[in-house]
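Residues per chain are reported as follows:
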2 protein chains.
Amino acid sequence: MAPESPADRVPERTGPCARWPAEHGETMRQIVERAGDKWSVLVIGTLENGPLRYTDLQRSIPGISQRMLTHTLRQLRRDGLVTRTAYPEVPPRVEYALTGLGRTLLDAVTALIDWAGTHHDEITANRARYDSEAAAG
Amino acid sequence: MAPESPADRVPERTGPCARWPAEHGETMRQIVERAGDKWSVLVIGTLENGPLRYTDLQRSIPGISQRMLTHTLRQLRRDGLVTRTAYPEVPPRVEYALTGLGRTLLDAVTALIDWAGTHHDEITANRARYDSEAAAG
DNA sequence: CCGTATCCTTGGAGATACTG
DNA sequence: CAGTATCTCCAAGGATACGG
């Protein structure tokens, strides 16, 4: 490769992030963002203890709208993280459950939630300090 | 507590998710969402190998706008995940680096990225199947 | 009971131009 | 070099009403 200027301080890092394979860039982003999505995380976490019906999910997750519950469930089903089982009864009953894949994601997400819980106070303190310093100038 | 209707199928799960302490609800969401934020993850990952200057970050993260780089760096500084060091030189030089806290977050996020990488193909296949089934009816 | 369809508001994010 | 300021656009998400 042609020699560069002496100001070439950036080392042998051509891509954005080493562990973020550019090959799958688009899909990777979507997957990681799903894990950071509030509603997805809450739905997955709520299903941890076993299958639940649509209405039970809605009641177990305060603040979620029908629109977002339906939408989130569809995304999770599409990715194979959650299954939907309709029982041909009257009145109709539909249950949602985690798949094996969904359970492994739950583990990874749980690690993140634990991290957030562990460092919650520290981060809150950091923010308070930063804000007060910014206000003081 | 007053006895409920027989349709009381939801077990002793009053809150949304057991591992998601409602006490810190708001902050927890922000923290977890930060870990799912594309730009935050890329900035943190890019700083893995050592401090970098503003312009180097911008060049190392293709597609990031000045606005989002500045904004993301400010959030990360506020949370105490990244430090900003200005060297009083001419021309001015500013370096950004991970803090210890930032490095621990990097570990947790790396686990998630690894999960995404591991199951990338499976998820892609799941989506393809779901989409084709939806199209077929 | 289990969703779909529609309207509407908000703020996230890119592009651009300018300052210390 | 290292940002700030402003404009603009668009898509995520809430509220609501209706269909199977």
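In what follows, the accompanying structure is described. Nothing here was measured: the structure is a model prediction, and the numbers come from that model.

Things to note about the overall build of chain A
- Broken down by element type, chain A carries six helices and three strands.
- Going from N to C terminus, chain A has its helices and strands arranged as α-α-β-α-α-β-β-α-α.
- Relative to its 137 residues, chain A shows a buried fraction of 45%.
- By element, 51% of the accessible surface of chain A is carried by carbon and sulfur atoms, the whole surface being about 7,500 Å².

Regarding the packing of aromatic side chains
- Here the structure, examined in full by the defined rule, presents zero aromatic pairs over all chains.
- The lysine or arginine in question, Arg93(A), covers the ring of Tyr87(A), its NZ or CZ lying 4.1 Å from the ring centre.

Some remarks on the interface of chain A and chain B
- With 59 residues of chain A in contact, the opposing surface of chain B contributes 59 residues.
- When chain A packs against chain B, close to 6,000 Å² is buried across both sides, 63% of that on carbon and sulfur atoms.
- The largest contributions to the chain A side of the interface with chain B come from Arg78(A), Trp115(A) and Arg127(A), which together make up 12% of the buried area.
- Linking chain A with chain B are four salt bridges.
- Residue contributions to the side of chain A that touches chain B peak at 11 residues, all from helix H5 (residues 100-118) of chain A.
- Among the residues making up the side of chain A that touches chain B, the classes are represented as 23 nonpolar, 17 polar and 19 charged.

Brief notes about the sheet that holds strand E3 (residues 93-98) of chain A
- With antiparallel pairing, three strands are arranged side by side in an open sheet as E1-E3-E2 (chain A). Each edge of the open sheet carries a strand with a single partner, namely strand E1 (52-53) and strand E2 (82-87) of chain A.

Considering the relation of the copies chain A and chain B
- Aligned on chain B, chain A shows an RMSD of 0.1 Å; the corresponding rotation is 180 degrees and the shift along the axis is 0.0 Å. Seen this way, the second copy is the image of the first under a two-fold rotation axis. The rotation axis passes nearest to the C-alpha of Gly36(A) in chain A, at a distance of 2.0 Å.
- Most of the interface of chain A is mirrored in chain B: 100% of its interface residues are interface residues there too.

Some remarks on the protein's contact with DNA strand D
- As a matter of local geometry, DNA strand D sits amid 16 residues, with Arg67(A), Met68(A), Thr55(B), Arg84(B) and Tyr96(B) nearest to it.
- Per the 4 Å cut-off to the protein, sugar and phosphate atoms form 62% of the nearby atoms of DNA strand D.
- In the environment of DNA strand D, a base nitrogen lies 2.9 Å from a nitrogen or oxygen atom belonging to the side chain of Arg67(A).
- Between DNA strand D and the protein, one listed contact pairs a phosphate oxygen with a side-chain N or O atom of Thr55(B) at 2.5 Å.
- Elements that contribute at least two residues to the surface near DNA strand D include exactly helix H4 (66-78) of chain A together with helix H3 (54-60), helix H4 (66-78) and strand E3 (93-98) of chain B.
- Looking at side-chain class alone, the surface near DNA strand D contains six nonpolar, five polar and five charged residues.

Some points on the sheet that holds strand E2 (residues 82-87) of chain B
All names here are of chain B.
- If you trace the three strands from one edge of the open sheet to the other, you get E1-E3-E2, paired in antiparallel fashion. If you trace the sheet from one side to the other, it starts and ends with strand E1 (52-53) and E2, each paired once.
- Sheet topology places E1 next to E3; two bridges connect them, and they run antiparallel. Following the sheet pairing, Arg53 is matched in E3 by Glu95.

A closer look at the protein's contact with DNA strand C
- DNA strand C sits among 16 residues. The nearest are Thr55(A), Thr70(A), Arg84(A), Arg67(B) and Met68(B).
- Take the atoms of DNA strand C that sit within 4 Å of the protein: sugar and phosphate atoms are 60% of them.
- Arg84(A) is positioned such that a nitrogen or oxygen atom in its side chain is 2.6 Å from a phosphate oxygen of DNA strand C.
- Within the contact set of DNA strand C, a phosphate oxygen lies 3.3 Å away from a backbone nitrogen or oxygen of Val94(A).
- Listing elements by their share of the surface near DNA strand C, those giving two or more residues are helix H3 (54-60), H4 and E3 of chain A together with H4 of chain B.
- Here the surface near DNA strand C is composed, by residue class, of six nonpolar, five polar and five charged.

Reading guide: rules and limits
Residues numbered from 1 in each chain as written. Chains lettered and ligands numbered in written order. Predicted model: local features only at pLDDT ≥ 70, side-chain atom pairs only at ≥ 80, totals over all residues. Heavy atoms only, no water. Helix = DSSP H or I, 4+ residues; strand = E, 2+ residues; numbered from the N terminus. Buried < 20%, exposed > 50% of the residue type's maximum accessible area, 1.4 Å probe, protein only. Areas by Shrake-Rupley, 256 points an atom, 1.4 Å probe, with all protein chains shown as cover. Phe/Tyr/Trp six-rings, centres within 6.5 Å; stacked < 30°, edge-to-face > 60°. Lys NZ or Arg CZ within 6 Å of the ring centre and 35° of its normal. Contact = heavy atoms within 4.5 Å. Buried area = accessible area lost by both parts, 1.4 Å probe. Salt bridge = Lys/Arg side-chain N within 4 Å of Asp/Glu carboxyl O. Nonpolar A, V, L, I, M, F, W, Y, C, P; charged D, E, K, R; others polar. Pairing = 2+ DSSP bridges. Least-squares fit on C-alpha atoms with pLDDT ≥ 70 in both. Near = heavy atom within 4 Å. Polar contact = N/O pair within 3.5 Å; in protein donor to acceptor, adjacent residues only side chain to side chain.

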